[in-house]
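# Topology and contacts: notes
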Number of protein chains: 2
Amino acid sequence: MMLTEALVREALADVPYPGLRSDIVKLGLVRSIAVHNDRVHVSLTLSTEREDVPGLLRDAITARLAQAGAVRTEIQLLTPERKPVERDPWARQGRLPGARRIVAVGAGKGGVGKSTVAVNLALALQESGLKVGLLDADIYGPSVPVLLGLEDGAARARMTDDKQIVPLEAHGLSVVSFGFFLGAESPAVWRGPMVGKAVTQFSRGVAWPDLDVLVVDLPPGTGDVPLSLAQSVVVDGAVVVTTPQRLASLEAAKAIEMFRTLEVPLIGVVENMSHATCACGRRSHPFGRGGGEALGRTSNVSLLGQLPFEEEVVSDGDGGVPSMLRAPRSELAVAMRAIAATVREVLQLDGSAVGAAAAGGCG
Amino acid sequence: MMLTEALVREALADVPYPGLRSDIVKLGLVRSIAVHNDRVHVSLTLSTEREDVPGLLRDAITARLAQAGAVRTEIQLLTPERKPVERDPWARQGRLPGARRIVAVGAGKGGVGKSTVAVNLALALQESGLKVGLLDADIYGPSVPVLLGLEDGAARARMTDDKQIVPLEAHGLSVVSFGFFLGAESPAVWRGPMVGKAVTQFSRGVAWPDLDVLVVDLPPGTGDVPLSLAQSVVVDGAVVVTTPQRLASLEAAKAIEMFRTLEVPLIGVVENMSHATCACGRRSHPFGRGGGEALGRTSNVSLLGQLPFEEEVVSDGDGGVPSMLRAPRSELAVAMRAIAATVREVLQLDGSAVGAAAAGGCG
């Protein structure tokens, strides 16, 4: 069979990115393909700090294309120029209408408190005077309706005449959650191949008010859904949540690699459930210790903060009033404000560029 | 357009099961379809304890078929006869070669300790004299390689000549994990539509030795993967893991409904991370309290046990020697033995029917 560009692209779609569950085509790494009879030239953009990745990819691509009939394969690996965050927030208007900056909160593993961090981060950013939206894109188990007391969201959610989702308001935040659309009356059936498309529509089809920043609560992991999401909106920065346990930080490292591969700037890691304090004053480390620091070191990202593991954080979440509001002087709230300050700084959300309301702040 | 059985089936595939992310066709609920011109007769099997489900399904099906052109739709809801667990274990041989009983461990939400429960349950069952296998089918984040010290599993895993996966051994258990096949060298790319097929191959294509019981660690949630898995092997019983927090038990209720819909007998609920004990002796409930009991009550299943939240359980997991072995007198090990005794009883794994080694036991 004659090799064609289409056949080569198809073959490349069988090459997984080392350590992730996605292939290099889906990840958007293939920059160009040229075919001259049985010789193939492929160029890829690589954004990784892992030294083993280029070699593994070269070997896997060469083997797969040989199998497809290529006699000679040349592979060119390009390093993308890191794009600095644009200084004029209005220049980005075309990307996601209404939101000047987008920060994604991701995790490698479920149950590490990703949604709790996303919700409290959104509130901490709002507290500093920004107009903030929250997109709960966790299709596997949307938690935001419970965490923000929007359990009636499915009944209240509505669309504009031109089929845009209208956000609900909770504690001053503009909120949209997959949970509003997964109820018993859901018109959408999430069949496998449809997921990618649904996710894109969901993330782009919202009538956001003018926002300084949109916080996106991504699903955990590095599968199709987080990938489609991270690709369907241009994300200005990512925060990865982990617990101190090794099992969680191993998975978080994969999420960091996913963001790198997608060229999403990494703001840093938040270590959640770092320590608990008994009424007797004793500190314990129920999920072990050191996972966040070790992850920061091995993956070369900043450790933004270590959040305490408090019974009240869980009950605040179950009750719909996040700790940031219910206990603004709690250890969690103080730590979260510091994390929000870093996020604002990295995303250049301080100063006059943002809405007039941003004058105050505590950064 | 003329209505045909195929068109009706296609339309029914747009009807989600209330509260789950799967449709009624994929769930295997559609028993028969008959079409006479523009009149349609549909019969469904329903296994649910939720009173709202029949009405919601009737309405959704009628609306969808009207849209497809049906003038009149008759819907017949059948209640399946509960099949008692067969008394002769050998009668089931044809289903999954080698395993006499299969117990699935599921969860609604990630991070509740599902894999920790699966691993320790497998060891507790083994301790009572059974030959036990463990299938880690959590494609989203397989934890078993770390929990059982099989991190070199990817390098060691091999296939028989007829392409069957050969289980590895850890602490006496026969173990296969998706984690063995998701590494950098993975030949498989998990593209959306392929997942269902891969999952079936994975779960059926293992050369298990003769096992009394196979414990399957399912992925969390009620999406495509847990569904395909639960459908590809006939499961004799399911255990659902939750934490006490409301957010987790809400998701666990959906997993219970999924097992009911699939006619998998529910053995019960395990509440993990129920309470912590400080060195000062004080007991705390970091994830709140009562979620497991409330879930048992509202979903009408037994609460099999409440497991403590101990720092050592996490470090044992990170270290590859589960608490069941490292600390056989710990609160977790004692509670786990009681849970295993119930599982054995429900699955009729006590007595002479099972392997000769089963003489001891503590049930």
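Residues numbered from 1 in each chain as written. Chains lettered and ligands numbered in written order. Predicted model: local features only at pLDDT ≥ 70, side-chain atom pairs only at ≥ 80, totals over all residues. Heavy atoms only, no water.

### So, the overall build of chain A
Under the convention used in this document: Going along the chain from the N terminus, every DSSP run of H or I of four or more residues is numbered as a helix, and every run of E of two or more is numbered as a strand. Only protein chains enter the accessibility calculation, which uses a 1.4 Å probe. A residue is then buried if its area is under 20% of the maximum for its type, exposed if over 50%, and partly exposed in between. We call two residues in contact whenever any of their non-hydrogen atoms come within 4.5 Å of each other. Computed by Shrake-Rupley with a 1.4 Å probe, the accessible areas treat only the displayed protein chains as cover when residues are assessed.
Of the regular secondary structure elements, chain A holds 12 helices and 15 strands. Burial analysis of chain A (363 residues in total) assigns 57% to the buried set. Of all intrachain contacts in chain A linking residues separated by at least 6 positions in sequence, the fraction that spans at least 24 positions is 75%. On chain A, roughly 14,600 Å² of surface is accessible, and the fraction owed to carbon and sulfur atoms is 51%.

### Some details on the interface of chain B and chain A
Bring the parts together and some accessible area is lost; that lost area is often taken as the interface size. Convention followed: Two parts placed together each lose some accessible area under a 1.4 Å probe, and the buried area is that loss summed for both. A pair is scored as a salt bridge if a Lys or Arg side-chain nitrogen falls within 4 Å of a carboxyl oxygen belonging to Asp or Glu.
Between chain B and chain A, the contact holds 50 residues from the first and 50 residues from the second. Roughly 4,200 Å² is buried in total at the junction of chain B and chain A, and carbon and sulfur atoms are behind 57% of that figure. The tally of links from chain B across to chain A stands at two salt bridges. Breaking the side of chain B that touches chain A down by element, the ones donating at least two residues are α4 (144–147), α8 (246–261) and α10 (311–319) of chain B.

### A short note on the relation of the copies chain B and chain A
Short version of the rule: Copies overlap after least-squares fitting; the atoms used are the C-alpha atoms of residues with pLDDT of at least 70 in both.
If you rotate chain B by 180° and push it 0.0 Å along the axis, it lands on chain A with an RMSD of 0.1 Å. Classification of the inter-copy transformation places it as that of a two-fold axis. A share of 100% of the interface residues of chain B reappears at the interface of chain A, consistent with the copies meeting face to face through the same patch.

### Considering the packing of helix α3 (residues 114–127) of chain B against helix α12 (residues 331–346) of chain B
When two helices pack together, their arrangement is given by the angle between the helix axes and by the axis-to-axis distance. Residues and elements named next belong to chain B. Rules: Interaxial angles span 0 to 180 degrees and are taken between N-to-C directions of axes, which are lines fitted to C-alpha atoms, for helices over the stretch in contact. Should an angle fall under 35 degrees it is taken as roughly parallel, and over 145 as roughly antiparallel, whereas 65 to 115 is taken as roughly perpendicular and any remaining angle as oblique. Amino acids outside the nonpolar list (Ala, Val, Leu, Ile, Met, Phe, Trp, Tyr, Cys, Pro) and the charged list (Asp, Glu, Lys, Arg) are all regarded as polar, and Gly is one of them.
Between α3 and α12, the least distance of the axes is 9 Å, while the angle of their chain directions is 70°. With respect to α12, the axis of α3 lies roughly perpendicular. Together, Val117, Asn120, Leu121, Ala124, Leu125 and Glu127 of α3 and Leu332, Met336, Arg337, Ile339, Ala340, Val343 and Arg344 of α12 make up the contact between the two elements. Residues of the contact of α3 with α12, tallied by class, amount to nine nonpolar, one polar and three charged.

### Here we look at helix α9 (residues 291–299) of chain B
Because the α-helix completes a turn every 3.6 residues, residues three or four places apart line up on one side. Residue and element names in this part refer to chain B. Put simply, the rule is: The directions from the helix axis to the C-beta atoms form the arc being described.
Among the residues making up α9, those that are buried are Gly291, Gly292, Leu295, Gly296 and Ser299. Down the axis of α9, the sector holding all buried residues measures 135°, keeping them to one side. Residues of α9 that are exposed and angled more than 90 degrees away from the buried face: Arg297 and Thr298. Of the surrounding elements, those touching the buried residues of α9 are β11 (237–242), α8, β12 (266–271) and β15 (303–306). Looking one or two residues past α9, Asn300 carries a phi angle of roughly 60°, positive in sign.

### Observations concerning unusual backbone geometry
Residues other than glycine predominantly adopt negative phi, and peptide bonds predominantly adopt the trans conformation. In this structure, A:Asn37 takes a positive phi of about 50° despite not being glycine. Despite not being glycine, B:Met273 has its phi angle at roughly 55°, a positive value. Secondary-structure assignment places B:Met273 in the loop between β12 and β13 (276–277).

### Some words on the side chain of A:His285
Its location among the elements puts A:His285 in the loop between β14 (283–284) and α9 (291–299). The class for A:His285 is buried, based on a relative accessible area of 14%. Residues within four places of A:His285 in sequence aside, it is in contact with A:Ser274, A:His275 and B:Glu311.

### Some words on the pattern of salt bridges
Residues and elements named next belong to chain B. For the structure shown, the criterion picks out 30 salt bridges over all chains. Residue Asp138 is joined to Lys114 by a salt bridge in which the shortest nitrogen-to-oxygen separation is 3.4 Å. A residue pair is termed long-range when its members are at least 10 positions apart, and Asp138 in the loop between β5 (132–136) and α4 and Lys114 in helix α3 qualify at 24 residues. For the pair shown, Asp138 and Lys114 are each scored as buried.

### What to know about the packing of aromatic side chains
The description of an aromatic ring pair uses the distance of the two centres, along with the angle that the planes make with each other. The condition is simple: Geometry of aromatic contacts follows a simple scheme: Phe, Tyr and Trp rings, the Trp one being its six-membered ring, pair when their centres are within 6.5 Å, and the pair is stacked under 30 degrees between planes, edge-to-face over 60, tilted otherwise.
Applying the stated rule across the entire model yields five aromatic pairs over all chains. On the numbers, 5.9 Å between centres and 85° between planes, the contact of A:Phe309 with B:Phe309 is edge-to-face. Remark: B:Phe309 occurs in the loop between β15 and α10 and A:Phe309 occurs in the loop between β15 (303–306) and α10 (311–319); the pair is interchain, linking two chains. Considered together, A:Phe309 and B:Phe309 belong to a single accessibility category, that of buried residues.

### Some points on the state of the cysteines
Counted only if it meets this: Disulfides are defined as pairs of cysteine sulfur atoms found within 2.5 Å of each other.
As enumerated under the stated definition, the model contains zero disulfides over all chains in all. Lacking any disulfide linkage, A:Cys280 is separated from the closest cysteine sulfur, that of B:Cys280, by 3.5 Å. We classify A:Cys280 as partly exposed; its relative accessible area is 32%.

### Points about the sheet that holds strand β1 (residues 30–36) of chain A
Residues and elements named next belong to chain A. Which entries qualify depends on this criterion: The pairing criterion is simple: DSSP has to find at least two bridges between the two strands.
Overall, mixed pairing links the three strands, which are arranged β1-β2-β3 in an open sheet. Either end of the sheet is taken by a strand with one partner, and the two such strands are β1 and β3 (72–78). Recorded for the sheet is a direction-independent mean angle of 10° between the axes of neighbouring strands. One ladder, built from six bridges, connects β1 with strand β2 (residues 39–45); its direction is antiparallel. From the neighbouring strand, Val35 faces β2, where its bridge partner is Val40. Along the sheet, helix α2 (residues 52–67) contacts β2 and β3; its crossing angle with β3, the most-contacted strand, is approximately 150°.

### Let's talk about the sheet that holds β5(B)
Residue and element names in this part refer to chain B. If you trace the eight strands from one edge of the open sheet to the other, you get β8-β9-β5-β10-β4-β11-β12-β15, paired in mixed fashion. Looking at strand neighbours, the two that pair on one side only are β8 (168–170) and β15, the edges of this open sheet. Averaged over neighbouring strand pairs, the angle between their axes works out to 25° when direction is ignored. The pairing of β11 with β12 spans five bridges and is parallel. Considered in β12, the bridge of Val239 is made with Gly268.

### Brief notes about the pairing of strand β9 (residues 173–177) of chain A
The two faces of the sheet receive side chains in turn, since in a regular strand these alternate between them. Residue and element names in this part refer to chain A. Counting buried residues in β9 gives five out of five residues, a clear majority hidden from the surface. Both faces of β9 are covered, namely the face carrying Leu173, Val175 and Ser177 and the face carrying Ser174 and Val176. Strand direction decides the pairing type here: strand β5 (residues 132–136) and β9, joined by four bridges, are parallel. Residue pairing for β9: Leu135 is matched across the bridge by Val176.

### Brief notes about the environment of A:Gly28
Tracing the backbone through its elements, the reader meets A:Gly28 in the loop between α1 (5–12) and β1. Distance from A:Gly28 to A:Leu44, taken between C-alpha atoms, is 8.8 Å for residues 16 residues apart in sequence.

### A few points about the environment of B:Ala238
All names here are of chain B. Of note, Ala238 is situated in strand β11. Exposure remark for Ala238: the relative accessible area of 0% places this residue in the buried category. The sequence separation of Ala238 and Val105 amounts to 133 residues, and the corresponding C-alpha distance is 5.9 Å.

### Things to note about the confidence of the model for chain A
Detailed conclusions should not be drawn from predicted coordinates in areas where pLDDT is low. Residues and elements named next belong to chain A. Rules: pLDDT is defined as a per-residue confidence score from the predictor, taking values between 0 and 100.
For chain A, per-residue confidence averages 85 on the pLDDT scale, and 87% of positions sit at 70 or higher. Mean pLDDT across the elements of chain A ranges from a minimum in helix α6 (residues 192–204), with 64, to a maximum in helix α3 (residues 114–127), with 98. Across residues 84–94, where pLDDT falls below 50, the model places 18 contacts with residues more than four positions away in sequence or in other chains.

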